[in-house]
Amino acid sequence: MSNIKKHLVKLAVGIENNFDALALAWRIRLKLNDPLQLITFRSYGTAKTFYVKGRLLKDKKIRKPTDKDTVFNNLLSMYKRFESDEVPHALLNVHFQGTVYPVTTDNEGYFMVEISSESAIPGNDMWLQVGVELVEAPESFSGSVKEIASVLIPPGDAEYGIISDIDDTIVKTNATDFLAMSRTTFLHNSLTRLPFAGVAAFYKSLQLGRNGKRNNPFFYVSSSPWNLYDLLTDFLQLNEIVEGPLLLRDYGLSENSENDNHQSHKVLEIQKILTTYPHLNFVLIGDSGQEDPKIYGEVVRQFPDRILAIYIRDVQVADREKIAVEISQSLVGSRVEMVIVDNTVEAAEHAAKMGLIFTQAIPEIVVDKKQDKGEISGKEALI
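Residues numbered from 1 in each chain as written. Predicted model: local features only at pLDDT ≥ 70, side-chain atom pairs only at ≥ 80, totals over all residues. Heavy atoms only, no water.

Undergrad: Just give me the short version of the overall build of the protein, but keep the residues and values in it.
TA: For the protein, the helix and strand inventory stands at 11 helices and 14 strands. Buried residues in the protein amount to 47% of all 383 residues. A fraction of 72% describes how many contacts in the protein between residues 6 or more apart in sequence connect residues 24 or more apart. Working note: accessible area of the protein is about 19000 Å², and carbon and sulfur atoms make up 54% of it. (Helix = DSSP H or I, 4+ residues; strand = E, 2+ residues; numbered from the N terminus. Buried < 20%, exposed > 50% of the residue type's maximum accessible area, 1.4 Å probe, protein only. Contact = heavy atoms within 4.5 Å. Areas by Shrake-Rupley, 256 points an atom, 1.4 Å probe, with all protein chains shown as cover.)

Next comes the structure, spelled out in structure tokens:
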């Protein structure tokens, strides 16, 4: 980044911080004390070290979505998500195994604390539950503001991990078309956004692996903003797609913004995951619409013995497909295959040949694909 650009970014950050501080001061002076909302993000770690992350905001009362919501309802909810009022410099206590870990929110209301323990062993479902409580805030609040944070701790006998993109990989977003992407993002909700056909069954088969324990961990790395966290977690749950930490981006101004673009964000997050679990190999899943082939190719170069397979969904844009094919060919000597597929069944068939999933899982993925595409009903699937 040039010195001029650095100076401009620093100036803009200062203006934003001053504006946020002024807005907070006026809210306090006018006693505009709306309820506060404590949001915890799914995170991950090991049995000895993990982190808890979240955000403290003014509660905008975003309503739960329904399939009858109008375009106006969806647009209003999305406006509330992005027009967030952060609560900076608030004191939180994170409670774990009888120990209190204090943490303070930053200028954007985010907080993160790392916890070390000799016995952070999760239950049978791989998830550890940690309590978070608001203690002090720069504005008054009533009642108890508490939340539970979920932390993924993969078991030692997991076969491999899976790192997946979100947009145009599991949910139809049309990221290569700005207007189409904007319509999907702002005018739809978690009930009306559409998953790619068969993705839920395919991901369940990867989580199951071949040891039958359903303990292969999933991680979702995306350039979507944290403002969409609730929408994306609702989408995963509603479509019965395997749960996992969502590693999103902060779109706010930052003096380190040159290191926070789409590609660098995803590479950095994937590096952290692979470094956290040095004895675990991974499957990478993405699409050809943006930079996933290039990002995953870089990951293979950095971790040549850690990637088992790469699946890239072809978004049917010729120049993007050409780039993906070229990167796939460049990886031939690395012994890691980047498979470019038109649909989920093709990826599943390759995964079965690789010994990543059971061949017997493919018919279920085919049925799931047909259901998602509306070709058969739920009743027909049971026959």
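Undergrad: I'd like a rundown of unusual backbone geometry, residues and numbers included.
TA: Positive phi, normally seen in glycine, also occurs at Gln97, with a value near 50 degrees. Relative accessible area serves as the criterion here: at 48%, Gln97 is assigned to the partly exposed category.

Undergrad: How would you sum up the pairing of strand E4 (residues 91-96)? Please name residues and give values.
TA: In this structure, E4 lies alongside strand E5 (residues 99-104), joined through 6 bridges in antiparallel fashion. Bridge assignment links Leu92 to a residue of E5, and that residue is Val103. Taking the residues that link successive antiparallel strands as the turn, the E4-E5 hairpin has 2 residues, and the phi of Gln97 there is positive, at about 50 degrees. Relative to strand E7 (residues 127-136), E4 runs antiparallel, the two sharing 5 bridges. Residue pairing in the sheet places His95 in a bridge with Gly131 of E7. (Pairing = 2+ DSSP bridges.)

Undergrad: Before we move on, could you go through the pairing of strand E12 (residues 282-287) and cite the residues and values that matter?
TA: Extensive coverage of E12 is indicated by the burial of 6 of its 6 residues. The side-chain alternation of E12 yields two buried faces, one formed by Phe282, Leu284 and Gly286 and the other by Val283, Ile285 and Asp287. The pairing of strand E9 (residues 161-164) with E12 spans 4 bridges and is parallel. Counted as the bridge partner of Ser164 is Ile285 from E12. The pairing of E12 with strand E13 (residues 307-313) spans 6 bridges and is parallel.

Undergrad: Account for helix H8 (residues 318-330), with residues named and values stated.
TA: In this model, H8 (13 residues) spans 19 Å end to end at C-alpha, consistent with the 18 Å of a helix rising 1.5 Å per residue. Of the residues making up H8, those classed as buried are Ala324, Ile327 and Ser328. Taken down its axis, H8 places every buried residue within 105 degrees of arc, on the same side. Summarising the geometry of H8, the exposed residues directed more than 90 degrees from the buried face are Ala318, Asp319, Lys322 and Gln329. (Expected span 1.5 Å × (residues − 1). Arc of directions from axis to C-beta.)

Undergrad: Residues and numbers for empty space enclosed by the protein, please.
TA: Across all of its chains, the model carries 3 cavities of 30 Å³ or more by this definition. Estimated volume of the largest cavity: approximately 90 Å³. Along the wall of the largest cavity there are 13 residues; nearest its centre are Phe202, Ile285, Arg313, Val341 and Ala347. Counting residues per element, the ones that place at least two in the lining of the largest cavity are helix H4 (199-208), E12, E13 and helix H9 (344-353). Across the lining of the largest cavity, the residue classes break down as 8 nonpolar, 4 polar and 1 charged. (1 Å grid on protein atoms, 1.4 Å probe; cavity = no way out; pocket = protein on both sides within 12 Å on 5 of 7 lines; lining within 4 Å. Points joined across faces, edges and corners; volume = space filled by probe spheres on them. Nonpolar A, V, L, I, M, F, W, Y, C, P; charged D, E, K, R; others polar.)

Undergrad: Run through the side chain of Arg42, naming residues and quoting values.
TA: Topologically, Arg42 is positioned in the loop between strand E1 (36-41) and strand E2 (43-44). Polar side-chain contacts of Arg42 include one of 3.4 Å to the backbone oxygen of Gly244. Residues contacting Arg42, with those up to four places away along its chain left out, are Trp127, Ser150, Tyr229, Thr233, Leu236, Glu243, Gly244, Pro245 and Leu246. (Polar contact = N/O pair within 3.5 Å; in protein donor to acceptor, adjacent residues only side chain to side chain.)

Undergrad: Describe the packing of aromatic side chains, listing the residues and the values that go with them.
TA: In this structure the tally under the stated criterion is 13 aromatic pairs. A network of ring pairs unites the aromatic residues Tyr44, Tyr51, Phe219, Tyr277 and Phe282 as a single cluster. Positioned above the aromatic ring of Phe196, the side-chain terminus of Arg313 is 4.2 Å from the ring centre. (Phe/Tyr/Trp six-rings, centres within 6.5 Å; stacked < 30°, edge-to-face > 60°. Lys NZ or Arg CZ within 6 Å of the ring centre and 35° of its normal.)

Undergrad: Talk me through a negative patch on the surface; I want residue IDs and the actual numbers.
TA: Together, Glu321, Asp342, Glu346 and Glu349 make up a negatively charged patch on the protein surface. Along the chain, Glu321 falls in helix H8. On the basis of relative accessibility, which here comes to 33%, the residue Glu321 falls in the partly exposed class. (Patch = residues over 30% accessible without salt bridge, like charges linked within 9 Å, V, L, I, M, F, W, Y side chains within 5 Å. Salt bridge = Lys/Arg side-chain N within 4 Å of Asp/Glu carboxyl O. Lys, Arg positive; Asp, Glu negative; His and termini not counted. Charge placed at Lys NZ, Arg CZ, Asp CG, Glu CD.)

Undergrad: Go over the environment of Pro245, please, and point to the residues and values.
TA: Locating Pro245 in the fold gives a position in the loop between helix H5 (229-238) and strand E11 (246-249). Here Pro245 falls in the buried class, since its relative accessible area comes to 0%. Distance from Pro245 to Val221, taken between C-alpha atoms, is 8.4 Å for residues 24 residues apart in sequence. The contact partners of Pro245, leaving out residues within four places of it in the chain, are Arg42, Ser43, Tyr44, Trp127, Leu152, Phe218, Phe219 and Tyr220.

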